[in-house]
Amino acid sequence: MLVLGTQTMRLEEELDGWLGAAGLTKSPDVRAVIAPHAGYSYSGRCAAYAFGNIDPTNISRVFLLGPSHHYYTPKCALTKATVYRTPIGDLPVDQEAIEELSATGKFEFMDLSVDEAEHSMEMHLPYLSKVFQGHTVKVVPILVGALSSQSEAMYGQLLSKYVDDPSNFFSVSSDFCHWGSRFSYSYYDKKHGAIHKSIEALDRMGMEIIETGDPVAFKQYLQEYENTICGRHPISVFLHMLKHCSTKIKIGFVRYEQSSQCKSMRDSSVSYASAAAKVDTSGEEENKD
């Protein structure tokens, strides 16, 4: 029990430290984040630049979209769990939302063993638990499988209505380029100089396309460069959601990091990027003039 207490304190201190260092102002206009899901020693600092934007005051439900790393499904899968436990607090699953999604007939349920083995959503949970401390919030975990373009569009359209309710929030889980022979990906454009610079240029190209909100352009980018963005399907579903909802929301990336800087073809790295999706009030400002 003492060991668990020590680990809990250490985790809280780490999260507090990263959130404090990011120094972000919480905004009720932030309705979603894209954040990494690697071990915190690798991506914890980067993730703070996503989760640090969240104003928990009026949010009562968080939809969590994560890619499937170990389990193959061409669909999206819902959890059978009733609560997600974290060392710094439990997050109850919103059974009402799960039932509503299940009733569409478009989702399957994942076994608890699949749920427990998947880290893409798990790594978001302590941050969400931290940010929502003192607030009542429920989670809606959705495991996003290896979707076709048509399925991405279908799920995006189906989930888009939830975006228009400001009490709903979306946490989209993705790491970016997995580079090196261990990932069977070694794209290198020498015009950028060092390998890690080429990786960054490739990732930033993808990030800029995501910021345009265009799911078709993002798909074309993935087909052309085959960048190993593990959360490409959750990101694509999210882009389709923004395309179909009534609220105008703009994605902006705020942080980019790499686990290490690749200098030779023997090296490897994983990239991490954090983004906040905000209600776009620029049109309203223009109308005021």
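Values in this document were obtained by computation on a predicted structure and should not be read as measured data.

Parameters at a glance
Residues numbered from 1 in each chain as written. Predicted model: local features only at pLDDT ≥ 70, side-chain atom pairs only at ≥ 80, totals over all residues. Heavy atoms only, no water. Helix = DSSP H or I, 4+ residues; strand = E, 2+ residues; numbered from the N terminus. Buried < 20%, exposed > 50% of the residue type's maximum accessible area, 1.4 Å probe, protein only. Contact = heavy atoms within 4.5 Å. Areas by Shrake-Rupley, 256 points an atom, 1.4 Å probe, with all protein chains shown as cover. Lys, Arg positive; Asp, Glu negative; His and termini not counted. Charge placed at Lys NZ, Arg CZ, Asp CG, Glu CD. Phe/Tyr/Trp six-rings, centres within 6.5 Å; stacked < 30°, edge-to-face > 60°. Core = buried A, V, L, I, M, F, W, Y, C linked by side-chain atoms within 4.5 Å. Expected span 1.5 Å × (residues − 1). Pairing = 2+ DSSP bridges. pLDDT = per-residue confidence, 0-100. Salt bridge = Lys/Arg side-chain N within 4 Å of Asp/Glu carboxyl O.

On to the overall build of the protein. A tally of regular secondary structure across the protein gives 11 helices and 11 strands. Here the C-alpha coordinates of the protein stretch approximately 55 × 50 × 45 Å along the principal axes. Put simply, the protein has 289 residues, and 54% of those count as buried. Sequence separation of 24 or more characterises 81% of the internal contacts of the protein that already satisfy a separation of 6 or more. For the protein, the exposed area adds up to about 13,300 Å²; of that, 49% sits on carbon and sulfur atoms. The average position of the 27 basic charges and that of the 36 acidic charges among the side chains of the protein differ by 4 Å.

Moving on, we get to the packing of aromatic side chains. Under the definition given, this model contains 10 aromatic pairs. Between tyrosine 40 and tyrosine 127, the aromatic rings sit 5.7 Å apart at their centres with planes inclined by 65 degrees, giving edge-to-face as the arrangement. Of this pair, tyrosine 40 sits in helix H2 (residues 40-51) while tyrosine 127 sits in helix H6 (residues 125-131); the two residues are 87 residues apart in sequence, bridging distant segments of the chain. Summarising the burial analysis for this pair, tyrosine 40 and tyrosine 127 share the class buried. When the ring of tyrosine 221 is compared with that of tyrosine 225, the centres are 5.6 Å apart and the planes differ by 45 degrees; the resulting orientation is tilted. Residue tyrosine 221 and its partner tyrosine 225 are located together in helix H9 (residues 215-225), separated by four residues, close to a single helical turn. We classify tyrosine 221 as buried; its relative accessible area is 2%. Residue tyrosine 225 is classed as buried on the basis of its relative accessible area, which comes to 19%. Connected via pairs of aromatic rings, a cluster forms that spans Trp18, Tyr40, Phe51 and Tyr127.

To continue, consider the nonpolar core. Core analysis: the largest hydrophobic core is formed by 90 residues, its most contacted members being Leu101, Ile142 and Ile251. Dropping the residues within four chain positions of it, leucine 101 is found in contact with Phe63, Leu78, Phe107, Val140, Ile142, Leu158, Leu159 and Tyr162.

An ideal rise of 1.5 Å per residue puts 26 Å on 18 residues; helix H8 (residues 195-212) measures up with 26 Å between its terminal C-alpha atoms. Those residues of H8 that fall on the buried side of the exposure criterion are Ile195, His196, Ser198, Ile199, Leu202, Asp203, Gly206, Met207, Ile209 and Ile210. On its buried face, H8 sits against strand S1 (30-35), strand S9 (178-179), H9, helix H10 (232-244), strand S10 (249-258) and strand S11 (269-279). The positive-phi residue at the C-terminal boundary of H8 is glycine 213, with phi of around 80 degrees.

Here we take up the pairing of strand S8 (residues 168-173). By the criterion of burial, S8 is predominantly enclosed, with six of the six residues buried. Bridge count for S1 against S8 is four bridges, and the pairing is parallel. Paired with isoleucine 34 across the two strands is valine 172, which belongs to S8. Pairing between strand S2 (residues 61-67) and S8: five bridges, direction parallel. Directly across from phenylalanine 63, in S8, lies its bridge partner phenylalanine 170.

What follows deals with the confidence of the model for the protein. With 96% of its residues at a pLDDT of 70 or more, the protein has an overall mean of 95. Taken as a whole, residues 285-289 scores under 50 in pLDDT and shows zero contacts with residues more than four places along the chain or in a different chain.

The next point concerns the environment of alanine 32. Position of alanine 32 relative to the elements: it lies in strand S1. Classification of alanine 32 as buried rests on a relative accessible area of 1%. When the C-alpha atoms of alanine 32 and alanine 117 are compared, they prove to be 25 Å apart, with 85 residues separating the residues in sequence.

With that out of the way, let us pick up the pattern of salt bridges. What the rule picks out here adds up to 12 salt bridges. Where aspartate 111 meets lysine 80, a salt bridge forms, and the shortest distance between an N and an O atom there is 3.2 Å. One end of the pair, aspartate 111, is in the loop between strand S6 (107-109) and helix H4 (112-117); the other, lysine 80, is in the loop between strand S3 (76-78) and strand S4 (83-86), with 31 residues separating them in the sequence. Taking the shortest distance from any N to any O, the salt bridge between lysine 219 and glutamate 152 comes out at 3.1 Å. With lysine 219 in helix H9 and glutamate 152 in helix H7 (residues 149-163), this pair connects stretches of sequence that are 67 residues apart.

Moving on, we come to the side chain of glutamate 118. Assignment of secondary structure puts glutamate 118 in the loop between H4 and helix H5 (119-122). Despite its burial, glutamate 118 remains without a salt bridge, the nearest opposite charge being carried by arginine 232 at 12 Å. If we skip the residues at most four places from it in the chain, glutamate 118 touches Pro67, Ser68, His69, His70 and Leu143.

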